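# Report on the structure
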Amino acid sequence: MPFVSPKSQQREYDVIVVGSGAAGGQTAYTLCMEGARVLMLEAGRRYAPESETAMFQTPDLAPLAGVGTPQKPFGFYDATVDGGWQVPGEPYVRTTEDHGGRFDWWRARMLGGRTNHWGRISLRNGPYDFKPKSRDGLGFDWPITYEDVAPYYDKVELLIGVYGSNEGLENTPNSPPGCLLPPPKPIVADYAIARSARGLGIPVIAGHRAVLTRALDHRSNPQRIHPGNARAQGILAADMQARAPCLWATPCGRGCSIRANYQSTTVHLPPALAAGNLDITTDAMVYEVTLGPDGKASGVNFVDRTTGKHEQARARVVVLAASACESARILLNSKSAHFPDGLANSSGKVGRYIMDTVGSDVWGQVPLLESLPPLNEDGADGHAYYMPWWLYKEQLAGKLGFARGYHVEFSGGRRMPGPETGRRLEWLTGGNYGTKFKQDVRRYYGSFVYFSGRGEMIPNEHSYCEIDPGGVKDKWGIPVLRFHWQWSDHETRQAAHMQRTFGDIITAMGGKPHEIETDGAKAILPGGLIIHEVGGAIMGADPKVSVTNQWCQTWDVPNLFVTDGAVFPSNADKNPTLTIMAVAWRAADHILERLRRKEL
Amino acid sequence: MDRRTTIKWMLAASAAWPAWRSAAGQAGHGTALRQPPAGPGYGTDPDLVTPHQRGEFWPLTLSAAQRRLAAVLSDLIIPADQHSPSASTVGVVEFIDEWVSAPYPDHQRDRPIVLDGLTWLDAQAARRGAKGFAQLDAATQTAICDSICDATRATAELREAARFFALYRDLTAAGFYSSPAGRRDLGYLGNVPLTSFEGAPPELLKKLNLT
């Protein structure tokens, strides 16, 4: 019985995994496929993408034509349930509401967490990204190199299915043969954007996203993922065949009932459950890691959200994968005589160095793309192409005024009309209405292009979370986090650079940017809005200034691990999810080895 | 227009536009998405796969007279033509009613703009001796709309009315292009399962000089 209530849990497990998203899903998958008995605790409800995903529903069938609201911030049909920047009954506190100093904390209280709705962009960190301090003197190096993580990137790509291409560009790693699926074919807007960007010296290459552009190789991949483990290979091969390739319709953010893209609930959990070693308890809000008299973690305490009762679970190893800030919160709330400032916090670094991604967007209108013939341009939900960071040398030479790079996600085309269609066209139409307005909407439909810069933030001493000193608690009585946030000039100048660059590309296309904000402090989106928050329990080589070692093992408590984004000592421009999975897999392999040697 | 309404309109105009998803698939970034709703709304875990009716989650609140006026104005903005029917015939009035009746911050902000704007239109008709805007002849209706259809050209005393018109045009378009008739009008061919996706047709790329 894989889904268990607190009462039907076993007395003890090998490993408790707190969280079921990219980190928890990957950790549990690796452990269960290799024979460990795992209890997964998820704060949100059970969620079944096969039956709950709005695959072809149109906006006219949704309230408010499906626009985002505080209860469904990414739109009515977005996969997220019980999530958002505000979760009822689960407040948090921040030191300011100002644009530049606020942090908004996204949570997704559901099985699979935010992997159900994420953008599926799956970029590898490059060699520079693991050693940023060695390169420019800022922030922190990871205690591991690209070569340490590369085999795990390979495995993750083989397991979840990532499309892309190998271009051999600087700090933009290739994947070994057979790891990547073919990228989707570009649409007209992609070609138009690529031509103009390349004319400006900006590379445009295939995007990398966790979408099956064809079925995974169920003969070869399982052998490469689980060498020497015939049982795991068989389970995975069967599951891979149950995943259908993309049907080239409906946005990935809604989730995918045919399992054509990666979400923990459709990729990690089914084979882990089939292996027979995984128990999952949903609605289990973990708030504390318990400590035994031997100084080792003995398990966790959690609130059963369906009954409000406090419950306990026990295991030989505890893994926190609850999302960066939630994992930090659990550690900070786990106070004892040994650890009066929170568990595994002898360094004082738990909650420190929270980073998000620098985000800034520009859109514009391009006459070349007006009044094109009707075409189905849904594709794989866009992102056939992207622009990797291209100014490494100029940056290192100090010519840019900011130290770290960004990549560019862009889109265009004749996407499904909806509540945004025809909106705010005055800048193009002079405010007409009537028959002329309808003609103009037809003319301009599909002629807009959208650019999103996603860049690296350098960790700083002013961006962190702590237990709210004002004593605010959530509805279960668990003390909440207070966030402090500050950008440095490196981030705001980068945001201004994004704005200028995107304006240049649109202009080079013969188009008009809608608005360019050259003041970086205004152009940068507030902290937490890109939902790439990492840090809070960073890994390092020195126990005095980091929380975990290179294996995600806390320095202070040998059988306590943190495998989510909390351990990131830097936050490269590359979206963090693929790296979260690769680092979690590496940590889980280490746990397995230590369990076999009876060291944990 | 009274002072209270004017101030409300000024405040509304300075606030960020509703944080709609753009075609880029990005969530909007307005702070309104990060504020609690003023009522229960549809909750954080609504049924996503069953079609929903207007008024299912919160009561619709426009009066019969307001709905009549809303229909007239929507159809001035999106009339029937050879490609598609008029806005009011595809449910746009019900959409706007649902919108201004919703408990969310963006919608609560829009509500007084729409209601005051409808009142303003009838007041203009009254000044011309008519019972209401709906009863004016088409030429007079058009003349009033012409005076407020572009906020950048509107005179100072009409600026608030122009902001109302811009919002109302956006809402009309939102309701219309979300409907099956709106999708057909634009020749949208997607949202159907395919066995392969071929991307841009080579002959079109050639014509656009993009090869």
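Residue positions are given per chain, counting from 1 as you read along its sequence in written order. Each chain takes a letter, starting from A, and each ligand takes a number, starting from 1, following the order in which they are written. It should be noted that, the model being predicted, local features are given only for residues of pLDDT at least 70 and side-chain atom pairs only at 80 or more, the latter also being counted only at that level, while totals for whole chains, interfaces and linings use all residues.

## So, the overall build of chain A
Regarding its fold elements, chain A presents 17 helices and 20 strands. All radius of gyration figures rest on C-alpha atoms, and the globule criterion is 2.2 Å times the number of residues raised to 0.38. The C-alpha radius of gyration computed for chain A amounts to 23 Å, which stays within 12% of the reference 25 Å derived for 600 residues, consistent with globular compactness. Along the longest, intermediate and shortest principal axes, the C-alpha atoms of chain A span 75 × 50 × 45 Å. Residue pairs are scored as contacts if the distance between their C-beta atoms, which are placed from the backbone, is within 7 Å. Partitioning the contacts of chain A with sequence separation of at least 6, the portion at a separation of at least 24 is 74%. The helix and strand labels rest on DSSP assignments: H or I over at least four residues marks a helix, E over at least two residues marks a strand, and numbering proceeds from the N terminus.

## Details of the overall build of chain B
A count of helices and strands for chain B gives eight helices and zero strands. Starting at the N terminus, the α and β elements of chain B follow one another as α-α-α-α-α-α-α-α. Exposure classes come from backbone-placed C-beta atoms, where a residue is buried if 20 or more other C-beta atoms lie within 10 Å of its own, exposed if 12 or fewer do, and partly exposed in between. Counting only residues that meet the buried cut, chain B has 42% of its 211 residues in that class. Expressed as a percentage of contacts within chain B between residues at least 6 apart in sequence, the contacts between residues at least 24 apart total 57%.

## Topic: the domain arrangement of chain A
All names here are of chain A. Domain extents, as shown, originate in an automatic or database domain assignment. In terms of domain boundaries, chain A breaks down into domain 1 (10-49 + 107-122 + 145-164 + 209-346 + 533-567 + 575-600) and domain 2 (180-206 + 358-455 + 488-523). For domain 1 and domain 2, the distance between their C-alpha centroids amounts to 35 Å. If you look at the interface, domain 1 gives 17 residues, while domain 2 gives 13 residues. Basically, the charged four are Asp, Glu, Lys and Arg, the nonpolar ten are Ala, Val, Leu, Ile, Met, Phe, Trp, Tyr, Cys and Pro, and anything else, Gly included, counts as polar. The residue inventory of the side of domain 1 that touches domain 2, partitioned by class, reads ten nonpolar, four polar and three charged.

## Overview of the sheet that holds strand β18 (residues 481-484) of chain A
All names here are of chain A. Only strands that DSSP links by at least two bridges are regarded as paired with each other. Judged by pairing direction, the sheet is mixed, and its three strands sit side by side in the order β4-β18-β17 without closing on themselves. At either end of the open sheet lies a strand with only one pairing partner, and these are β4 (93-94) and β17 (464-467). Sheet topology places β4 next to β18; two bridges connect them, and they run parallel. Each bridged residue has a counterpart across the sheet, and for Val93 the counterpart in β18 is Arg482. In this analysis, axes come from line fits to C-alpha atoms, helices being fitted only over the stretch in contact, and the angle between any two N-to-C directions falls in the range 0 to 180 degrees. Set on the sheet, helix α11 (residues 324-333) makes contact with β17 and β18; between it and β17 the angle comes to about 35 degrees.

## What to know about the confidence of the model for chain B
Residues and elements named next belong to chain B. For chain B, per-residue confidence averages 88 on the pLDDT scale, and residues scoring 70 or more make up 85% of the total. Think of pLDDT as the predictor's per-residue confidence, scored from 0 to 100. Low pLDDT, under 50, characterises residues 1-29; the predicted model gives this stretch 65 contacts beyond four residues in sequence or across chains. Overall fold confidence for the complex sits at a pTM of 0.95, while the interface term, ipTM, reaches 0.95.

## A closer look at the interface of chain B and chain A
Listed per partner, the contact involves 71 residues of chain B and 82 residues of chain A. Looking at the side of chain B that touches chain A, the elements with two or more residues in it are α2 (64-77), α3 (92-101), α6 (159-177), α7 (180-185) and α8 (202-207) of chain B. Tallying contributions element by element places α6 of chain B first for the side of chain B that touches chain A, with seven residues. Looking at side-chain class alone, the side of chain B that touches chain A contains 43 nonpolar, 18 polar and ten charged residues.

## Quick word on the environment of Ile354 of chain A
With respect to the helices, strands and loops of the structure, Ile354 of chain A is situated in the loop between α11 and β13 (358-365). Residues contacting Ile354 of chain A, with those up to four places away along its chain left out, are Ala324, Cys325, Ser463, Tyr464, Cys465, Glu533, Gly535 and Gly536 of chain A.

## Some remarks on the packing of helix α4 (residues 105-127) of chain B against α6 of chain B
Residues and elements named next belong to chain B. Direction vectors running N to C along α4 and α6 enclose 115 degrees, while the axes themselves pass 9 Å from each other. Here α4 is positioned roughly perpendicular relative to α6, judged by the angle of their axes. As for the relative orientation of α4 and α6, their crossing is left-handed in sense. Between α4, through Asp110, Ile113, Val114, Asp116, Gly117 and Trp120, and α6, the contact on the second element is made entirely by Ala161, Arg163, Phe164, Leu167 and Tyr168. Residue classes in the contact of α4 with α6 are distributed as seven nonpolar, one polar and three charged. Here the angle decides the label: under 35 degrees means roughly parallel, over 145 means roughly antiparallel, 65 to 115 means roughly perpendicular, and every other value means oblique. We call a crossing left-handed when the near helix sits turned anticlockwise from the far one by less than a right angle, and right-handed when that turn is clockwise.

## Some thoughts on the nonpolar core
Grouped together as the largest cluster of nonpolar side chains are 174 residues, with contacts concentrated most on Val15, Ile16, Val18 and Val38 of chain A. Ranked by residues supplied to this core, first place goes to helix α17 (residues 577-596) of chain A with ten residues. Both of domain 1 (10-49 + 107-122 + 145-164 + 209-346 + 533-567 + 575-600) and domain 2 (180-206 + 358-455 + 488-523) of chain A provide at least three residues apiece to this core. In contact with Val18 of chain A, other than residues within four places in its own chain, are Gly24, Leu41, Val286, Val300, Val319, Leu320, Ala321, Ala322 and Ile330 of chain A. By convention the nonpolar core is taken to be a set of buried residues drawn from Ala, Val, Leu, Ile, Met, Phe, Trp, Tyr and Cys and joined through C-beta atoms within 7 Å. In terms of nonpolar packing, the next biggest core, distinct from the first, is built from 59 residues, Tyr445 of chain A together with Tyr104, Val114 and Ala125 of chain B among them.

## Notes on the sheet that holds β13 of chain A
Judged by pairing direction, the sheet is antiparallel, and its four strands sit side by side in the order β15-β16-β13-β19 (chain A) without closing on themselves. Edge positions in the sheet fall to β15 (406-412) and β19 (512-513) of chain A, since each of these pairs with one other strand and no more.

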